[in-house]
Amino acid sequence: MLFDTDTFEKMLATSWLGRSFFYFEELDSTSSHAKKMNRDQRLHGALIVADDQLKGRGQYDRSWKTEPACNLTFSLIFEPHDEGRIPILSLACALAATEVFEEAAGKKFQLKWPNDIYCDEKKVGGILTETLFNGNELHRIILGMGLNINQQNFGDELQGLATSLIKITGEKLSRESVLRSILMRIEYLYRLWVNQNVALIQSINKKLIGYGKWVDLEVNKEVLPEKYKFLGINENGALLVLNKDLEVDTFSYEQVRIHSDH
Ligand code: BTN
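Residues numbered from 1 in each chain as written. Predicted model: local features only at pLDDT ≥ 70, side-chain atom pairs only at ≥ 80, totals over all residues. Heavy atoms only, no water.

> Where do I start with the packing of helix α3 (residues 86–105) against helix α7 (residues 198–207) in this structure?
The relative placement of two packed helices is expressed as an angle between their axes plus a distance between the axes. As a packed pair, α3 and α7 sit with axes 10 Å apart at the nearest point and diverge in direction by 65 degrees. For the crossing formed where α3 meets α7, the hand is left-handed. Contacts from Ile88, Leu91, Ala92, Leu95, Thr98 and Glu102 in α3 reach Leu200, Ile201, Ser203, Ile204 and Lys207 in α7. Here the contact of α3 with α7 is composed, by residue class, of 7 nonpolar, 2 polar and 2 charged. (Axes fitted to C-alpha atoms, helices over the stretch in contact; angles between N-to-C directions. Helix = DSSP H or I, 4+ residues; strand = E, 2+ residues; numbered from the N terminus. Left-handed = near helix turned anticlockwise from the far one by under 90°. Contact = heavy atoms within 4.5 Å. Nonpolar A, V, L, I, M, F, W, Y, C, P; charged D, E, K, R; others polar.)

Here is the structure:
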């Protein structure tokens, strides 16, 4: 069944997020679309949803393919005044989804650096965060979320790596209602992000796979020989690790991947 825009709009209880709502039965990619939307118009909080993406994009230049009309594939536009700490905003949105999923499923979900959502060691969703600049000035953050909700089969390639809410709970969920809850939560966490709230960083860190553990680090595609203790993110969104000499090393966002035994 296609996404029910009427039901969704009626139930939406946010004050600004998703209030500009653009729905497409089919689109190349909600994030590519968001990039092309009128640059002269303020689109802060706009939501673009598609039931089918023909050229869905993932992190690291991968594609993002999901079964049409089963999952949630959407992008949010943010136009903040402050242009720093974007990795924290991505993780805050991932955190919002994990909180809603935990409530729906009664199970623990986790975040995997840089911004994936995992349950039972399988990926339930991912986020692609992109930025648009006017010269040197940040114009727009486009945050694309792909969340596996009602997809039952993932094909040979993804079997064992991906899962969905329906596979976890055994129940079909209303995508409209899941999206409504996620947007409510993102709207709340966005404010914490704007206010540089320390509790937000702590909540994110507690959910990160490998937090507080000795993990392997992959930097620019090479796994480093030593183990590092993963200290989570700091207030700037940089990744902190402790090396074996007990010095703190800092890495920037997508430069690093973390391998841990969960
Ligand atoms: C990842 O690689 O894990 C991130 C996947 C992000 C996919 C979403 S689906 C909605 C939005 N539009 C896209 O083309 N990609 C993002």
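Having seen the model, we can carry on.
> When you look at the site of the ligand in this model, what are you seeing that I'm missing?
Lining the immediate surroundings of the ligand are 20 residues, of which Ser29, Gln53, Arg57, Gln59 and Lys123 lie closest. At 3.1 Å, a side-chain N or O of Thr30 approaches a nitrogen atom of the ligand. Between an oxygen atom of the ligand and a main-chain N or O atom of Gln59, the distance comes to 2.7 Å. Protein contact buries 99% of the 410 Å² of open area that the ligand shows by itself. Across the shell around the ligand, the residue classes break down as 5 nonpolar, 12 polar and 3 charged. (Near = heavy atom within 4 Å. Polar contact = N/O pair within 3.5 Å; in protein donor to acceptor, adjacent residues only side chain to side chain. Areas by Shrake-Rupley, 256 points an atom, 1.4 Å probe, with all protein chains shown as cover.)

> What is the right way to read the packing of aromatic side chains from this model?
Between two aromatic rings, the relevant description is the distance of the centres plus the angle of the planes. Under the counting rule described, the total for this entry stands at 9 aromatic pairs. Here the aromatic cluster, defined as three or more aromatic residues joined through ring pairs, consists of Phe3, Phe8, Phe21 and Tyr23. The residue whose ring lies beneath Arg257 is Tyr60, and the NZ or CZ to ring-centre distance is 4.5 Å. (Phe/Tyr/Trp six-rings, centres within 6.5 Å; stacked < 30°, edge-to-face > 60°. Lys NZ or Arg CZ within 6 Å of the ring centre and 35° of its normal.)

> Sorry if this is basic, but what is going on with α3 here?
The α-helix advances 3.6 residues per turn, and as a result positions three or four apart in sequence lie on the same side. With 20 residues, α3 extends 29 Å between its outermost C-alpha atoms, agreeing within 8% with the 28 Å of an ideal straight helix rising 1.5 Å per residue. Most of α3 sits inside the fold, with 15 of its 20 residues counted as buried. In the stretch just after α3, Gly106 is the one whose phi turns positive, near 65 degrees. (Expected span 1.5 Å × (residues − 1). Buried < 20%, exposed > 50% of the residue type's maximum accessible area, 1.4 Å probe, protein only.)

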